[in-house]
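Single-letter residue listing:
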Amino acid sequence: MSAQALRISDTASQSGASITLNTVTRSFGALRVLEGIDLTIEPGSFVAIVGQSGSGKSTLLRIIAGLDADYGGRVLIEKNHVPAVARIMYQEPRLLPWATVIGNVAVGLGPDVESKFALTRARRALDAVGLGDRAADWPAILSGGQKQRVALARTLVSKPDLLVLDEPLGALDALTRIGMQSLLEQVWREEGFTALLVTHDVTEALTLADRIVLIEEGRIALDIDVPFERPRRRGAVQFGALEEQLLSTLLKTSPRTEEYVI
Ligand SMILES: Nc1ncnc2c1ncn2[C@@H]1O[C@H](COP(=O)(O)OP(=O)(O)O)[C@@H](O)[C@H]1O
Ligand SMILES: [Mg+2]
C-alpha cells in the first residue's frame, strides 16, 4: 500500500492530546463494567488496549472519546490545557451509501461539507490514505480495506488531537490488515496525534504501540512499555517475552505450566 507522505493540515498537531483518568467507573444497571481506572497517557504516544471480550475496552474508549458522559471519576482530555479534539474509528467503516468517497470524508468536518475548504481538506486526507484517485466513487464499489481507509481519512480530516480506534482492523483479511497497520503508523507519525487502539491482536499491539494496557474485568491488569525501535518487524524475535507475558495474562495461564484455564 503506498500512501503519499502528505500532511492533511499545513501545521501538524504539535504533540497530540494528553489523557488523564482518575478512578473512572461505569455501570450499566447492576453491572459494574469499569472498576476504577487510573491512567495517564502522554501527548503524541501510541497506546494499545488489549483484553478479553466483555472486559470493558469499548466502554472505556467511548468515555475517552467523549461519547458517554455517564461515568464516575474524572476524565481530562487536553491539549495545551484546553479540551482536545477526539475522533473515533470503529471496526465497521460506517460510510454513507448515498455520498461519494470524498463526500464521506468531508462529513468529518461537520455541516459545511460542500465548501471549497472542506473539499480541499478532504482531498488531502484521501491522498494521505492513498485513495486520492477514488474521490468520485461510491463506497459500495470499494473493498473492505479501502472502506476502512476512507473511514480513517474521515477521522483525519478534522485534524484530531486524539484518535481512538476500536478494533478498526478486526474485520480485514490478514494482508490488508498489515497494510493498514503500516498506514496507521505512518499517519500517526506525520500528524502527531495521540493514538489509542483497542485490538485483540497482541502482535499488532506490539508492532504499533509505545505502551500496552491490558484490561481485565474493568481493571488494569498489566501496563507495559514497548521499548523496541521503529519501524518494527512483525513477529520479531524480540517480541517473544512481552508476547508471552501478554498472552499468559490474557489466557490466564502460567507461563511455566502452559495450562490454559480460561
Ligand atoms: N449500553 C450498554 N448497556 C448494557 N450493558 C452494556 C452496554 N455497553 C456495554 N455493556 C456491557 O459491558 C460489558 C463490557 O462491554 P464492552 O466495553 O463493550 O467490552 P469489550 O469492548 O471489552 O468487549 C459487557 O458485559 C457488555 O455487555
Ligand atoms: Mg469492544
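Residues numbered from 1 in each chain as written. Chains lettered and ligands numbered in written order. Predicted model: local features only at pLDDT ≥ 70, side-chain atom pairs only at ≥ 80, totals over all residues. Heavy atoms only, no water.

Enquirer: Would you mind going over the packing of aromatic side chains with me for this structure?
Expert: To describe a pair of aromatic rings, one takes the distance between the centres and the angle between the planes. A complete count under the given rule lists 2 aromatic pairs for this structure. Here Phe 46 and Trp 188 contribute two aromatic rings whose centre-to-centre distance is 5.3 Å and whose plane-to-plane angle is 80°, an arrangement assigned as edge-to-face. Here Phe 46, found in strand β3 (residues 46-51), pairs with Trp 188, found in helix α5 (residues 174-191); they are 142 residues apart in sequence, far enough to count as distant. Of the residues examined, Phe 46 reaches a relative accessible area of 1% and is grouped as buried. We classify Trp 188 as buried; its relative accessible area is 9%. Judged by centre distance (5.5 Å) and plane angle (25°), the ring pair of Phe 228 and Phe 239 falls under stacked. Here Phe 239 lies in the loop between β10 (219-225) and α7 (240-250) and Phe 228 lies in the loop between β10 and α7, a separation of 11 residues in the sequence. The class of Phe 228 is buried, set by a relative accessible area of 15%. For Phe 239, a relative accessible area of 0% translates into the label buried. (Phe/Tyr/Trp six-rings, centres within 6.5 Å; stacked < 30°, edge-to-face > 60°. Helix = DSSP H or I, 4+ residues; strand = E, 2+ residues; numbered from the N terminus. Buried < 20%, exposed > 50% of the residue type's maximum accessible area, 1.4 Å probe, protein only.)

Enquirer: Honestly, helix α3 (residues 116-128) in this entry has me stumped. Any pointers?
Expert: Quick reminder: α-helices carry 3.6 residues per turn. Residues three or four places apart thus point the same way. Its 13 residues place the ends of α3 18 Å apart at the C-alpha level, agreeing with the 18 Å of an ideal helix rising 1.5 Å per residue. If you check which residues of α3 are buried, you get Ala 118, Arg 121, Ala 122, Ala 125, Leu 126, Asp 127 and Ala 128. (Expected span 1.5 Å × (residues − 1).)

Enquirer: Teacher, can you tell me more about α7 here?
Expert: Of all the residues in α7, the buried ones are Leu 242, Leu 246, Ser 248, Thr 249 and Leu 250. On its buried face, α7 sits against β3, α6 (202-208), β9 (211-216) and β10. Looking one or two residues beyond α7, the residue adopting positive phi is Lys 252, at roughly 50°. (Contact = heavy atoms within 4.5 Å.)

Enquirer: Teacher, can you tell me more about the confidence of the model for the protein chain here?
Expert: A low pLDDT score tells you not to read the predicted coordinates there in detail. Residues at a pLDDT of 70 or more form 90% of the protein chain, whose mean pLDDT is 90. Here residues 1-6 is a poorly scored stretch, pLDDT under 50, and it has 21 contacts once near neighbours within four places are set aside; other chains count. The low-confidence segment residues 254-262 (pLDDT under 50) makes 13 contacts with residues lying over four places distant or belonging to another chain. (pLDDT = per-residue confidence, 0-100.)

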